[in-house]
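# Observations on the model geometry
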Amino acid sequence: MGVGIQVENLNAWYGKSQALHDINLTVEANHATALIGPSGCGKSTFIRCLNRMHETSPEARVQGKVKIGELDAYNGTSPTQLRRRIGMVFQKANPFPTMSIYDNVAAGLKLNGYSDKKHLDEIVERSLQSSALWEEVKDSVHKKSGASLSGGQQQRLCIARALAVEPEVLLMDEPCSALDPISTGKIEELIFQLKEQYTIVIVTHNMQQAARVAEFTGFFLLGRMIEYDKTEKIFTNPSDKRTEDYITGRFG
Amino acid sequence: MRSRFQQGLDELRQKLLRMGGLAEQAVDRACQAYLDRDLNRCQMVLEGETQINISEREIDELAFDLLAMQQPMAVDLRFILAVTKINADLERVGDQAVNIAERVMDMVSLPAVELPVDIARISAAVSAMVRRALESFIEAKAELAQAVLEMDNVVDRMRDEAFIMLVKAMNERPDITRQALDALLVARNLERVADHATNIAEDVIFWVRGADVRHNAAQEGNGQQQPTQRGATETR
Amino acid sequence: MASLRGPVPDSTGSKPPHGVLEISWWRRVADHLATGFAVVTVVLVLAPLVAIFGYLVYKGIGSINLAFLTQIPKPPGELGGGMANAIAGSVLILAIASLLGVPVGIGAGIYLAEYGRNRFGDSIRFVSDVLNGVPSIVIGIVAYTIVVLRQKHFSALAGGVALAIMMVPTITRTTEEMLLLVPNVLREAAYGLGVPRWRTTLSIVLRTATSGIITGVMLAFARVAGETAPLLFTAFGNQYWNWRVDQPTAALPLQIFTYAISPYDDWHRQAWAGALVLIVLIVTAVAAVRFAVRRGTLGGVA
């Protein structure tokens, strides 16, 4: 089951430059929340702060509080522990090219020491089914390499890989921006189903996509969160003029 | 940015205003025809109807095209939806003008009689409502639209009064029944025009404020906040 | 919408307007000249290689026979004999060199790529580059000093050490570069799964760069396989079989050198054969490793 996320006074820097200013936000459990905003507004930085990936950048600094469910992300747990409870899917599908499909999906488990083969088989199949890829690859999970699939399939593979470790939260950073409409549609359909078990935060440039998949939407601008509300409200009658200007295409 | 979309919106606005002008003119002509017993004017109203129908189709097509091709959001989406509704209302106004003209044509064939109803007053009020509703659209001012909503009660009362007076007249003097009926129907047509003007005003409020005030929805307290007027500055 | 392409040229075979689609004659000439130049340079580069190999085959093939490959040298003046012990000795010394040099080189490469993006890393790179440029005989002398003098005798080990020192800079450089070529998104994918950094480096990054790293190792191997100078004071050479690591050992390059400067025709003949065998062995070794690696992987980056 998914958990809620609580963010309080989050600030983040890359060296001297401040990327996020005082973000306060509550993400509802078992819902999809979309983050929109022009390029460079901080939305990617924000989700990377949720699973402490921001720290992997040079000279990165974070201040503030992030709670994933009951867990304080920055206090009392190591980044690697935290990341095992949060799955991440990136903009460009990044399956491990030297590994088979099976090994890719199992990577999160095997690389962390889990080796019960029978269980792994089950988990791999279950994850691939959850990401709607099982039917297409079930005969070649051991034979084909992760990199030999099409773009949309690769991204679904990455989703399966993220799901295999059974996280509670799934972070998606523009997962469909490199995909064609059909693959995009499949993944959006997937997000809809995954909501029941996971809490999903999705960063997207595509406002129509945010409108299609997310119940809540947050609008970011220049490192601040300008407005956060139910998706219908944001797209039919937003409260802040800047939000409206952005979604009607008057800037950005 | 999005200049083609901007142009589309501007074109939609212009077309609707022109249609509004045609509808307003039709009502005024029809009422004048009644007061002057002028058959020529009636003819002009009947002929003008074609133009109004063509206009309605054009506006709907343009709105549909913009919706499909431009993925409008928020205020732009509300604008286009409002335009399609106002479009329908204006076309009905045109129809009512035609109805009035047909009544007048029937009336002119009968002897003129003195009737206890001030059609001129009702028609002036109704014309004012239509004008103000269209103004509120041009200016994108919800206050003007609000004023139209209030005027509707006045016109309703006028129509009710007319009904009572004319029924009384028909009872007292059965020989003028047909003229009285014509007058009654004209009064009713005018009241319908007023209703359409009210609808237009409600659509303007929906567009400008994002609040659905139809059928007094604002009072229901359904959690829909009334955001402060952002001044959807409409010379976009 | 007005066409951005401008007027469409009609396709009935008439000449297109000048300046728009026509390529002027001198541009075509320049194109041909450049292509020709490229071909000529390739030939110039390949020609010596082909010439050398051809000449080696010509001079050496006649002397390669079973005896050559299985017998040890006969005393000077006697005909016959072979370089079997030198072949075996080279294998031994190269094995020692690889055992010492490859892990150090790859380890250093990993450090520089993943953890060494700083001043300290830069200084290591600098030292590595300098080491690369040190003359091989000097390296031989260094190995002499640290191994031979200590042990008070020449040995295969000393030879292996010398060659290992020569292998390390090349392996380090190519390993670092291959690792840097691995896209960062792969590392991020692993971090996102909660895989610790060291595990990511070993299991993901290294695995992805394997093919390129092997190339680097083979490059270093091929280079040192033919080195003579470092072995002069370390392995020293041996007329007899030797499989002990702590004894002077024969090596192909050494033997070729010794035979080549000798006054005996028979030894000259054998020197040519030895050179041919040396080249063939190196090429075979590299090809075999590449083949083995390709079989084992599913096809990775680079």
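What counts, and where the lines are drawn
Residues numbered from 1 in each chain as written. Chains lettered and ligands numbered in written order. Predicted model: local features only at pLDDT ≥ 70, side-chain atom pairs only at ≥ 80, totals over all residues. Helix = DSSP H or I, 4+ residues; strand = E, 2+ residues; numbered from the N terminus. Buried ≥ 20, exposed ≤ 12 C-beta atoms within 10 Å, placed from the backbone. Contact = placed C-beta atoms within 7 Å. Domains from an automatic or database assignment. Nonpolar A, V, L, I, M, F, W, Y, C, P; charged D, E, K, R; others polar. Core = buried A, V, L, I, M, F, W, Y, C linked by C-beta atoms within 7 Å. Pairing = 2+ DSSP bridges. Axes fitted to C-alpha atoms, helices over the stretch in contact; angles between N-to-C directions. Expected span 1.5 Å × (residues − 1). Arc of directions from axis to C-beta. Parallel < 35°, antiparallel > 145°, perpendicular 65-115°, else oblique. Left-handed = near helix turned anticlockwise from the far one by under 90°.

### Examining the overall build of chain A
Assigned secondary structure in chain A consists of 10 helices and 10 strands. When its C-alpha atoms are laid out on the principal axes, chain A stretches across 55 × 40 × 30 Å. Counting across all 252 residues of chain A, residues that qualify as buried make up 50%. Partitioning the contacts of chain A with sequence separation of at least 6, the portion at a separation of at least 24 is 69%.

### Concerning the domain arrangement of chain A
Residue and element names in this part refer to chain A. In terms of domains, chain A is made up of domain 1 (1–85 + 168–252) and domain 2 (94–166). Tallying the contact residues gives 10 residues for domain 1 and 9 residues for domain 2. When the residues that make up the side of domain 1 that touches domain 2 are grouped by side-chain class, the tally is 6 nonpolar, 1 polar and 3 charged.

### Digging into the interface of chain A and chain C
Listed as interface residues are 21 residues of chain A and, on the opposing side, 20 residues of chain C. In terms of residue count, helix α2 (residues 79–83) of chain A provides more of the side of chain A that touches chain C than any other element does, 3 residues in total. For the side of chain A that touches chain C, the per-class residue count stands at 8 nonpolar, 10 polar and 3 charged.

### Things to note about the nonpolar core
By size, the foremost hydrophobic cluster in this structure holds 218 residues, and its most contacted members are I202 of chain A, V27, A30, A133 and V204 of chain B together with A158 of chain C. Each of domain 1 (1–85 + 168–252) and domain 2 (94–166) of chain A contributes no fewer than three residues to this core. When residues no more than four places from it in sequence are discounted, the contact partners of V27 of chain B are V93, A97, V126, S127, V130 and V193 of chain B.

### Quick notes on the sheet that holds strand β8 (residues 199–203) of chain A
All names here are of chain A. Across the sheet, 6 strands lie side by side as β6-β7-β8-β3-β9-β10; this open sheet has mixed pairing. For this open sheet the edge positions go to β6 (86–89) and β10 (224–230), each flanked by a neighbour on one side alone. Within the sheet, the average angular offset between the axes of one strand and its neighbour, ignoring direction, is 15°. Where strand β9 (residues 216–221) meets β10, 6 bridges bridge the pair, whose relative direction is antiparallel. The partner of F220 across the bridge, within β10, is M225.

### Quick word on the environment of G216 of chain C
All names here are of chain C. Summarising the element assignment, G216 is placed in helix α8 (residues 197–225). According to the C-beta neighbour criterion, G216 is buried, with 24 such atoms within 10 Å. In contact with G216, not counting residues within four places along its chain, are T170, I171, T174, T175 and M178.

### Considerations on the sheet that holds strand β5 (residues 71–72) of chain A
Residues and elements named next belong to chain A. Ordered in space as β2-β1-β4-β5, the 4 strands form an open sheet in which the pairing is antiparallel. Both outer strands of the open sheet, β2 (17–27) and β5, are each paired with one neighbouring strand and no more. Sheet analysis places strand β1 (residues 5–14) next to β2, joined by 7 bridges and oriented antiparallel. Residue V7 lies in a different strand from β2, and its bridge partner there is L25.

### A few points about helix α2 (residues 39–70) of chain B
Residues and elements named next belong to chain B. With 32 residues, α2 ought to run about 46 Å at 1.5 Å a step, and its terminal C-alpha atoms sit 47 Å apart, in line with that. Turning to α2, its buried residues number three or more, namely R41, C42, V45, I52, S55, E56, I59, L62, A63 and L66. Buried residues along α2 sit in contact with α1 (3–36) and α3 (74–108). Phi turns positive one or two residues past the end of α2, at Q71, with a value near 45°.

### Regarding helix α4 (residues 117–130) of chain A
For the α-helix, the turn length of 3.6 residues means that residues three or four positions removed from each other point alike. Residues and elements named next belong to chain A. Spanning 14 residues, α4 covers 20 Å between terminal C-alpha atoms, matching the ideal 20 Å at 1.5 Å per step. Listed in full, the buried residues belonging to α4 are I123, V124, S127 and L128. For α4, the angular spread of the buried residues around the axis is 125°, confining them to a single face. Turned more than 90 degrees away from the buried face of α4, the exposed residues are K118, H119 and E122.

### Re the packing of helix α4 (residues 119–139) of chain B against helix α6 (residues 177–209) of chain B
Residues and elements named next belong to chain B. For the pair α4 and α6, the least separation of the axes is 9 Å and the interaxial angle reads 15°. As judged from the angle between their axes, α4 and α6 are roughly parallel. The chirality of how α4 crosses α6 is left-handed. Between α4 and α6, the residues in contact are I119, I122, S123, V126, M129, V130, A133, S136 and F137 and A183, V186, A187, L190, V193, A194, A197, I200, A201 and V204, respectively. Taken together, the residues of the contact of α4 with α6 sort by class into 17 nonpolar, 2 polar and no charged.

### Looking at the pairing of strand β7 (residues 169–173) of chain A
Residue and element names in this part refer to chain A. Among the 5 residues that make up β7, 5 are buried, leaving the element largely enclosed by the rest of the structure. The two faces of β7 match: V169, L171 and D173 on one face and L170 and M172 on the other face are all buried. Two strands pair when backbone bridges link them, and β6 and β7 are joined in this way by 4 bridges, in the parallel orientation. When the bridges of β7 are listed, I86 appears paired with V169. In the sheet, β7 pairs with β8 via 5 bridges, with the strands oriented parallel.

### Focus on the interface of chain B and chain A
On the side of chain A, 14 residues touch chain B, which itself brings 11 residues to the contact. Residue composition of the side of chain B that touches chain A, grouped by class: 6 nonpolar, 2 polar and 3 charged.

### Considering the arrangement of the chains
Across the 2 pairs of chains in contact, the largest number of contacts is found between chains A and C. As for chain C relative to chain B, no contact occurs, and the smallest C-alpha gap between them is 11 Å.

### Thoughts on unusual backbone geometry
Phi at A132 of chain A is positive, roughly 55°, even though this residue is not glycine. For A132 of chain A, the position within the fold is in the loop between α4 and α5 (134–137). You will see that A140 of chain B, though not glycine, has its phi angle at about 55°, which is positive. Structurally, A140 of chain B can be placed in the loop between α4 and α5 (142–172). In this structure A140 of chain B comes out as buried when scored by C-beta crowding, with 21 C-beta atoms within 10 Å.

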